[in-house]
Amino acid sequence: MTHSTSLRRSVALIATAGLIATGVAAPALARTKGPAKITLTAKAAQDPAGRLCMPKTTLGKTATREMPETICQTRADWETAGVTFVVK
């Protein structure tokens, strides 16, 4: 085996290990976060009864596996769950 082949294999192993570590750490970090802070346009905020659909990760650590990937709720329901809205 030549030196350049050995070097390429070492770099590939380090890169793969880094990607695996990142993939394992990302879900753990996502679970520790609290509910999100979402910015809404003034037009979107006008209808308080309107439903907003967002990924369950918006709920942070309160999201469970049983929840669907996308959750549609009213703004009041999201706020009750801890999501903060900023209107711009």
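In what follows, the accompanying structure is described. Computed from a predicted structure; not experimentally measured. (Residues numbered from 1 in each chain as written. Predicted model: local features only at pLDDT ≥ 70, side-chain atom pairs only at ≥ 80, totals over all residues. Heavy atoms only, no water.)

1. Some words on the nonpolar core
- Counting 9 residues, the largest nonpolar core is built from L40, A45, L52, M54, L59, I71, W78, V83 and F85.
- The contact partners of L59, leaving out residues within four places of it in the chain, are G34, P35, M67, I71, W78, A81 and V83. (Core = buried A, V, L, I, M, F, W, Y, C linked by side-chain atoms within 4.5 Å. Buried < 20%, exposed > 50% of the residue type's maximum accessible area, 1.4 Å probe, protein only. Contact = heavy atoms within 4.5 Å.)

2. Here we look at the environment of T62
- Along the chain, T62 turns up in the loop between β2 (51-55) and β3 (70-74).
- Taking relative accessible area as the criterion, T62 reaches 43% and is therefore assigned partly exposed.
- Sequence spacing of T62 and G82 is 20 residues, and the spatial spacing of their C-alpha atoms is 9.3 Å.
- Here L59 takes part through its backbone oxygen, which lies 2.7 Å from a polar atom of the side chain of T62. (Helix = DSSP H or I, 4+ residues; strand = E, 2+ residues; numbered from the N terminus. Polar contact = N/O pair within 3.5 Å; in protein donor to acceptor, adjacent residues only side chain to side chain.)

3. Section: the pattern of salt bridges
- Enumeration over the complete set of coordinates arrives at 2 salt bridges.
- For the salt bridge of E69 with K56, the shortest nitrogen-to-oxygen distance reads 3.4 Å. Linking E69 in the loop between β2 and β3 with K56 in the loop between β2 and β3, this pair joins segments that are 13 residues apart in sequence.
- Taking relative accessible area as the criterion, E69 reaches 56% and is therefore assigned exposed. (Salt bridge = Lys/Arg side-chain N within 4 Å of Asp/Glu carboxyl O.)

4. Structural notes on the state of the cysteines
- Under the defined criterion, the tally for this structure stands at 1 disulfide.
- A sulfur-sulfur distance of 1.9 Å marks the disulfide that ties C53 to C72. Residues C53 and C72 are joined through a disulfide that is right-handed, its torsion about the S-S bond being 110 degrees. Placement of the pair is C53 in strand β2 and C72 in strand β3, with a sequence separation of 19 residues. (Disulfide = S-S within 2.5 Å.)

5. A short note on the side chain of T74
- Turning to its location among the elements, T74 is positioned in strand β3.
- On the basis of relative accessible area, T74 is assigned to the buried category, the value being 17%.
- Not counting chain neighbours up to four residues away, the residues in contact with T74 comprise P48, A49, G50 and R51.

6. Structural notes on the environment of P55
- With respect to the element layout, P55 can be found in strand β2.
- Judged by relative accessible area, P55 falls into the partly exposed class, the value being 44%.
- Residues P55 and E69, spaced 14 residues apart in sequence, show a C-alpha to C-alpha distance of 5.6 Å.
- Filtering out sequence-adjacent residues up to four positions away, P55 remains in contact with E69 and T70.

Bear in mind that shape data such as this cannot, by itself, settle questions of function.
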